[in-house]
Every structure is written in C-alpha cells, then in structure tokens.
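# Coordinate analysis (summary)
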Amino acid sequence: MSNENQKDPPATKVTDPKQLTTIYKKNGTFDAKRKELLSNFKQSETCQNLLLKLQIMVESKVKADPSILMKNKGKTAALIQGEIVNQSNSKDNATSTIHHGSKEDTGILSIVDKDIQENIIDSSQFHESLKEELMDVQRKLMGISDDEFETMKQELRVKKEKQEQEEAIKRQVRLEKDKNELDYRNNFRIKEMTNGRVHANAATAHRVHKVPRINLKSKNASGGDSPSEAKVEKKKVTKMMY
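An unreviewed UniProt entry lists the chain under the name BOD1/SHG1 domain-containing protein, from Candida parapsilosis.

### Some points on the confidence of the model for the chain
Averaged over every residue, the pLDDT of the chain is 76; residues scoring 70 or more account for 69%. Per-element averaging of pLDDT across the chain places helix H8 (residues 216-221) at the bottom with 49 and helix H2 (residues 29-42) at the top with 92. With pLDDT under 50 throughout, residues 1-6 is counted as low confidence; its partners more than four residues away or in other chains account for one contact. In the model, residues 96-103 has pLDDT below 50 throughout and makes seven contacts with residues more than four positions away in sequence or in other chains.

### Some details on the packing of aromatic side chains
The description of an aromatic ring pair uses the distance of the two centres, along with the angle that the planes make with each other. Tallied over the full model, the rule gives one aromatic pair. The cationic tip of Lys 25 hangs over the ring face of Phe 30; the distance from NZ or CZ to the ring centre is 5.6 Å.

### Remarks on the nonpolar core
Counting seven residues, the largest nonpolar core consists of Phe 41, Cys 47, Leu 50, Met 57, Ile 84, Ile 108 and Ile 111. When residues of this core are traced back to their parent elements, those giving at least two are helix H3 (45-64) and helix H5 (108-121). Among the elements that make up this core, the one with the highest residue count is H3 (three residues). Ignoring anything within four residues of it in the chain, the contact list for Met 57 reads Ile 80, Glu 83, Ile 84, Gln 87 and Ile 108.

Reading guide: rules and limits
- Residues numbered from 1 in each chain as written.
- Predicted model: local features only at pLDDT ≥ 70, side-chain atom pairs only at ≥ 80, totals over all residues.
- Heavy atoms only, no water.
- pLDDT = per-residue confidence, 0-100.
- Helix = DSSP H or I, 4+ residues; strand = E, 2+ residues; numbered from the N terminus.
- Contact = heavy atoms within 4.5 Å.
- Phe/Tyr/Trp six-rings, centres within 6.5 Å; stacked < 30°, edge-to-face > 60°.
- Lys NZ or Arg CZ within 6 Å of the ring centre and 35° of its normal.
- Core = buried A, V, L, I, M, F, W, Y, C linked by side-chain atoms within 4.5 Å.
- Buried < 20%, exposed > 50% of the residue type's maximum accessible area, 1.4 Å probe, protein only.

Here it is, written out as structure tokens:
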C-alpha cells in the first residue's frame, strides 16, 4: 500500500491527565520549562543570597578542618551537602520545638524552598503559562491550527477577564453592604443614646414643684402683725387719702 493511500489517524482529545503529563514531558516542553525556571533563579537576588550563605558556610568548614581541601572534590562536595542538610534539619527541629510545630524559614535550604513556593507553587503567572503549554500539547494532538489556537486563547482570556470583573463587582457589593450595615448599627446606637437623654430630660421637666408653705402662726408668735391689726391699718390709710 502506498503512502498516498494511508490516512492519518483521527485526532482525539486526551482526557487522562497522566497521559497528557507524559506527553508534555516526552516532547521536551518540560525540560524547556525547567531550564527557564533555573535561568530565572540564577538571575534573581535570592540566588545571590544563597551563594553568599554557601560561601560563609564553606569558609567556616575549611577553617575548622583544613584537611578538607586535600580530599577528593566529590567527597568534599558530599560533605558540604551533608552539612547543609543536617544544618537545615537541626534548625527546623529546634524551631518546631520552640513554636509548637510552626516552622520558620531558616537555613540554606529554606531559601530555595521559599523561592519555589513563591515563584512556582503560589505563582498565578506560572500556573497560567503551564496551562497554556498543556493546551498547546492538547491542540497539536487534536490537529488544531495555530490560528484556531490563538482564537481559543483569546476567547479564554476574554472569559477570564469577564469573570474577574464579575468577582470584583461582587466584592464591591459585599463591601458596600457591610458598610451600610455598620452605618445602620452605629446610627441605631446613636438614636438609642439620644432617646435616653430625651426621656431623662422629659422626666425632669414634668416633675411637680410644690409651692412652699408659709407658717402664719409662727409669724404671729414671733411678734408679727395679726390679721385684725392689718385690717385696721388698711382702714386708717384709706381715711387719710380722703
């Protein structure tokens, strides 16, 4: 049978994640990504700090035992590597004992662990680039052209932006709702305090004040004018006016 009569196998979509990962590794994309990450790390400030710590540790090790320089390079490297691991484990155990299970970033290995955590595991940018590479592997298996793939990626970007905008609007609505509820509670408390003062003032205003009593008897007893004497005096004044 000639090659012209042979037909390409139908394009199928890989639904098994493990199979897609295997293809991703075999076609060289995984190695390219690993080299890219290593290159970025070598150019970072984290790498410079790591090299400085290594230099200080090696100089301290040689100062304590100068015979290390006379040994085989492979053995020397193994000793230094073992020292790094032991140092990291001892510091992690001490930190775990002090903080009841919570570990802090100490030692040389922790520098690498922190960089991996920030730039790979928790990096949304890395996740997006890896997702696009896996999509590229998938579309090649399905026979999708470059133009169609670019259109698909553009549609996905638009969809993602729309979702982010919707999430931002929802967050804004929640914040405004929480703010309104807080303002309502504060206003309610102010009204309660104001009403309490009004009721207290009203109770004070409606208090009945009794007219002070005048003890006439005590006045007469102390030598004051009696009622009959007051009438006689009034008549005298009237006659004098006429």
